[in-house]
Amino acid sequence: MESCKEPQTCIVCEKERRDVLLILEQPICTICEQDIVGVKPTDRTYDFYIARLKEIW
Ligand SMILES: [Zn+2]
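Residues numbered from 1 in each chain as written. Predicted model: local features only at pLDDT ≥ 70, side-chain atom pairs only at ≥ 80, totals over all residues. Heavy atoms only, no water.

## A closer look at the overall build of the protein
No. 1: Helix and strand counts for the protein come out as two helices and four strands.
No. 2: The proportion of buried residues among the 57 residues of the protein is 23%.
No. 3: The contacts in the protein between residues at least 6 apart in sequence include a share of 24% that link residues at least 24 apart.
No. 4: About 4500 Å² of surface is accessible on the protein, with carbon and sulfur atoms providing 52% of the total.
No. 5: With 8 positive and 11 negative side-chain charges, the protein shows a separation of 5 Å between the mean positions of the two kinds. (Helix = DSSP H or I, 4+ residues; strand = E, 2+ residues; numbered from the N terminus. Buried < 20%, exposed > 50% of the residue type's maximum accessible area, 1.4 Å probe, protein only. Contact = heavy atoms within 4.5 Å. Areas by Shrake-Rupley, 256 points an atom, 1.4 Å probe, with all protein chains shown as cover. Lys, Arg positive; Asp, Glu negative; His and termini not counted. Charge placed at Lys NZ, Arg CZ, Asp CG, Glu CD.)

## Side note on the coordination of the zinc ion
No. 1: Note on the zinc ion: its protein donors are Cys-10 (SG), Cys-13 (SG), Cys-29 (SG) and Cys-32 (SG). The metal-donor distances range over 2.2 to 2.3 Å.
No. 2: Each of the four donor atoms around the zinc ion contributes to a set of angles spanning 102 to 116°, which defines the coordination as tetrahedral.
No. 3: In the primary structure, the donors to the zinc ion are separated according to the pattern C-x2-C-x15-C-x2-C. Of this pair, Cys-10 sits in the loop between β1 (8–9) and β2 (16–17) while Cys-32 sits in helix α1 (residues 30–38), placing them 22 residues apart in sequence. The residues Cys-10 and Cys-32 share a single accessibility class, namely buried. (Donors = N, O, S within 2.8 Å, 3.2 Å for Na, K, Ca; no water. Tetrahedral: all angles 85-135°; square planar, octahedral: opposite > 155°, others 65-115°.)

## So, the pairing of strand β4 (residues 26–29)
No. 1: Pairing geometry for strand β3 (residues 20–23) and β4, over four bridges, is antiparallel. Bridging across to β4, Val-20 finds its partner in Cys-29.
No. 2: Hairpin geometry of β3 and β4 is characterised by an intervening segment of two residues between the two adjacent antiparallel strands and by a positive phi of about 50° at Leu-24. (Pairing = 2+ DSSP bridges.)

Keep in mind these values describe shape, not function.
Okay, here's the thing in structure tokens:
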């Protein structure tokens, strides 16, 4: 059944999602989480994610 979780705003993509993980109490959607896990320093998105994460880490 559907869960009754409130949508939370992902701190990376800033979209409201229900399928979020809480990392240090900050919501990150599973899509961004997988991107972050798979990102390589050579990827153009790497700097973007690192900058985002630095705000919380
Ligand atoms: Zn996201």
